[in-house]
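Spelled out, the chains give:
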Amino acid sequence: MGSALDAVVVGGGIVGLATARALLLDRPGSAVVVLEKESAPALHQSGRNSGVIHSGIYYPPGSLKARLCAAGRRSIETYARDHGIPVEITGKLIVATRIEEIDRLDALAERGRAHGLTVRPMSPAEAAEVEPHIGCVAALHVAETGVVDFPAVCAQLARDVVELGGEVRTSCRVTAVATVPGGQRVTTTSGELRTRRLVNCGGLQSDLLAAAAGANVSGRIIPFRGEYRELVPAARPLVRGLIYPVPDPRFPFLGVHLTRGVDGGVHAGPNAVLALAREGYRWIDVDIGETVDTLRSPAFRHLARRHLRDGIGEVVRSLSERRFLAELQRLVPELRAEDLQPAPAGVRAQAVLDDGTLVDDFLLVSGPGALHVLNAPSPAATASLEIGAEIAGRLTTP
Ligand SMILES: Cc1cc2nc3c(=O)[nH]c(=O)nc-3n(C[C@H](O)[C@H](O)[C@H](O)COP(=O)(O)OP(=O)(O)OC[C@H]3O[C@@H](n4cnc5c(N)ncnc54)[C@H](O)[C@@H]3O)c2cc1C
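Colleague: Mind laying out the overall build of the chain, listing which residues take part and the relevant values?
Modeller: What the chain contains, in helices and strands, is ten helices and 20 strands. The C-alpha extent of the chain, read off along each of the three principal axes, is 65 × 45 × 40 Å. Scored against the burial criterion, the 398 residues of the chain give a buried share of 49%. Restricting the contact set of the chain to residue pairs at least 6 apart, pairs at least 24 apart contribute 74%.

Now the structure itself:
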């Protein structure tokens with residue numbers, strides 16, 4: 001088995017890669033290996049998202065999300081610029097399309113100011129100067145939002161890890177973890193490793209990995225698919241930048257939005273439907289065992305009881321092009337069915353407690369000789385470099 005490594009990071013998504021890089025920067029020369037089950041890094045959440053650098057406006061002051069997103073949006077922008085990765089700070093518009101949303105928009109403006117963001121409430125006429133095709137009763141412009149090529153960030157992080165003396169091992173699935181004297185024994189599909197520390201950045205699989213490693217896990221990951229459409233090239237001029245609805249405060253998801261990416265393409269979505277497999281990117285991707293497991297879990301049953309109507313609404317929106325379009329037309333009334341074409345979906349790893357509470361903040365949990373990232377949904381890509389630094393700090397502080 002060889003001598004023990006200093007750290008094994010499970011998961012080659014943006015959080016795992018940023019963590020490995022931070023560990024190597026903190027302790028130059030240490031032996032750090034990232035284990036990724038897929039044939040390349042970033043094939044799950046980190047490569048299937050909206051590509052938005054979030055400002056942090058939504059997150060409660062004092063939360064990990066607020067702190068790490070505020071620092072993370074700056075560090076990811078600098079990192080991208082330093083490495084020639086496409087990035088642009090475009091600003092975004094949050095639009096109220098109903099009078100009853102205006103109070104929530106005002107509360108967001110307040111929160112934005114408390115976070116030191118450059119927010120500007122706008123009348124419909126002012127908002128139309130930013131986005132000529134929107135329909136709204138009021139809007140809020142947030143200057144510090146942007147877009148970046150997250151897969152390119154991940155590829156660069158993986159190169160950094162190797163340049164700093166670490167290793168990224170792909171096609172290597174962790175199948176078991178056991179505590180042994182001096183650390184952990186990690187069993188993988190390509191052999192066993194010994195490590196002094198283990199960091200679990202397994203995203204959609206993180207709760208299973210944590211349980212396998214003997215951590216005390218309450219709740220579980222519930223996979224919520226986010227489906228997208230793309231605007232056909234002829235319809236792209238309808239959207240200049242980023243157009244978001246006012247979020248529903250009951251959910252950690254931001255609602256179907258329109259985002260012009262670094263490549264000039266415009267994405268529409270994502271919705272949020274229960275995925276029928278942890279990595280279920282289409283309705284036909286069904287894993288009976290995983291689905292039964294989810295449906296039987298107290299977390300899901302309590303969640304379903306609270307949000308049955310909303311859940312059904314999302315399913316209808318998923319199955320009906322017309323309903324999906326109607327949601328987008330609230331933001332840009334001129335959009336037509338022929339303006340949309342299919343685009344790949346993503347699946348969010350959302351932690352839900354046994355009582356049905358959706359975990360809002362990032363959740364980092366220590367277990368024996370290990371640290372488990374048990375909730376790293378949006379804006380974890382934005383905040384990734386800071387999450388990595390936070391984890392490295394927690395691991396190196398005795
Ligand atoms: C639809 C959608 C839109 C989003 N939009 C944004 C956005 O605009 N901005 C933003 O900041 N964030 C966004 N996010 C959130 C962001 O993408 C995630 O927070 C982030 O990518 C999480 O990274 P991760 O490394 O934790 O997870 P992942 O990228 O999912 O990586 C986990 C990795 O662990 C590997 N793994 C799992 N189990 C094992 C095992 N047993 N052995 C080895 N490897 C294993 C997986 O293969 C995977 O590669 C979005 C997410 C989704 C799904």
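Read on, since the account is not over.
Colleague: Tell me about the domain arrangement of the chain, residues and numbers included.
Modeller: Each assigned domain of the chain is listed here: domain 1 (1-87 + 147-219 + 361-398), domain 2 (92-143) and domain 3 (220-235 + 249-352). Between domain 1 and domain 3, the contact holds 22 residues from the first and 20 residues from the second. For the side of domain 1 that touches domain 3, the per-class residue count stands at nine nonpolar, ten polar and three charged.

Colleague: I'd like to hear about unusual backbone geometry, residue by residue, with values.
Modeller: Cis geometry marks the peptide bond from Gly269 to Pro270; its omega dihedral reads -5°. Within the secondary structure, Pro270 is located in the loop between strand S16 (266-269) and strand S17 (273-274). Cis peptide bonds are those with omega within 30 degrees of zero, and the linkage from Ser378 to Pro379 qualifies with 10°. Mapped onto the fold, Pro379 is located in the loop between strand S20 (370-375) and helix H10 (384-396). Its identity as a non-glycine residue notwithstanding, Ala42 has a phi of 60°, on the positive side. For Ala42, the position within the fold is in the loop between strand S2 (32-35) and strand S3 (52-53). Given 25 C-beta atoms within a 10 Å radius, Ala42 is considered buried. The residue Ser171 is not glycine, and still its phi comes out positive at about 50°. Along the chain, Ser171 turns up in the loop between strand S9 (167-169) and strand S10 (174-180). For Ser171, a count of 13 C-beta atoms within 10 Å translates into the label partly exposed.

Colleague: Give me the pairing of strand S14 (residues 242-245): which residues, what numbers.
Modeller: Here S14 shows two buried faces, one formed by Leu242 and Tyr244 and the other by Ile243 and Pro245. By the bridge criterion, three bridges tie strand S5 (residues 92-96) to S14 in an arrangement that is parallel. Counted as the bridge partner of Val95 is Pro245 from S14. With two bridges connecting them, S14 and strand S15 (residues 257-260) associate as antiparallel partners. Bridge pairing in S15 places Leu242 opposite Thr259.

Colleague: Lay out the packing of helix H1 (residues 14-26) against H10 in plain terms, naming residues and giving numbers.
Modeller: Closest axis-to-axis distance for the H1/H10 pair is 7 Å, and the angle between their directions is 50°. Relative to H10, the element H1 is oriented oblique. Where H1 crosses over H10, the two elements pack in a sense that is right-handed. Residues Ile14, Val15, Ala18, Thr19, Arg21, Ala22, Leu23 and Asp26 of H1 lie in contact with H10, whose contacting residues are Ser384, Leu385, Ile387, Gly388, Ala389, Ile391, Ala392, Leu395 and Thr396. Considered class by class, the residues forming the contact of H1 with H10 number eleven nonpolar, four polar and two charged.

Colleague: Mind laying out the sheet that holds strand S4 (residues 87-88), listing which residues take part and the relevant values?
Modeller: One open sheet accounts for three strands, arranged S3-S8-S4; its pairing is antiparallel. With one partner strand each, in any of the chains shown, S3 and S4 form the two edges of the open sheet. Taken together, the two bridges between S3 and strand S8 (residues 146-148) define a ladder with antiparallel strand orientation. Residue pairing in the sheet places Val52 in a bridge with Val147 of S8.

Colleague: Hey, could you go over the nonpolar core for me, with residue numbers and the actual values?
Modeller: Within the largest apolar cluster, 120 residues are counted, with the highest numbers of intra-cluster contacts made by Val8, Ile14, Val95, Ala139 and Ile243. At eight residues, the largest contribution of residues to this core is made by H1. Residues within four places of Val95 in sequence aside, it is in contact with Ala127, Ile134, Cys136, Ala139, Ile243, Pro245 and Leu331.

Colleague: Explain the site of the ligand to me, using residue names and the numbers behind them.
Modeller: If you check the shell around the ligand, you find 42 residues, and the closest are Gly11, Gly13, Gly203, Gly346 and Ala380. Elements with a contribution of two residues or more to the shell around the ligand: H1 and strand S18 (340-352). When grouped by side-chain class, the residues that make up the shell around the ligand number 18 nonpolar, 18 polar and six charged. Looking at the shell around the ligand, you find at least three residues from each of domain 1 (1-87 + 147-219 + 361-398) and domain 3 (220-235 + 249-352).

Colleague: Before we move on, can you summarise the packing of H1 against helix H5 (residues 150-163) with the specific residues and values?
Modeller: Relative orientation of the contacting elements H1 and H5 amounts to 35°, with a least axis distance of 9 Å. As for how H1 packs across H5, the hand of that crossing is left-handed. Residues Ile14, Leu17, Ala18, Ala20, Arg21 and Leu24 of H1 lie in contact with H5, whose contacting residues are Phe150, Val153, Cys154, Leu157, Ala158, Asp160 and Val161. For the contact of H1 with H5, the per-class residue count stands at eleven nonpolar, no polar and two charged.

Colleague: So, the environment of Ile102: which residues are in play, and what are the values?
Modeller: Relative to the helices and strands, Ile102 is located in helix H3 (residues 102-114). Ile102 gets classed as partly exposed once you count the C-beta atoms within 10 Å, which come to 14. Not counting the four nearest positions on each side in its chain, Ile102 is found in contact with Ala96, Val137 and Ala138.

What counts and what doesn't
Residues numbered from 1 in each chain as written. Predicted model: local features only at pLDDT ≥ 70, side-chain atom pairs only at ≥ 80, totals over all residues. Helix = DSSP H or I, 4+ residues; strand = E, 2+ residues; numbered from the N terminus. Buried ≥ 20, exposed ≤ 12 C-beta atoms within 10 Å, placed from the backbone. Contact = placed C-beta atoms within 7 Å. Domains from an automatic or database assignment. Nonpolar A, V, L, I, M, F, W, Y, C, P; charged D, E, K, R; others polar. Pairing = 2+ DSSP bridges. Axes fitted to C-alpha atoms, helices over the stretch in contact; angles between N-to-C directions. Parallel < 35°, antiparallel > 145°, perpendicular 65-115°, else oblique. Left-handed = near helix turned anticlockwise from the far one by under 90°. Core = buried A, V, L, I, M, F, W, Y, C linked by C-beta atoms within 7 Å. Near = placed C-beta within 6 Å.

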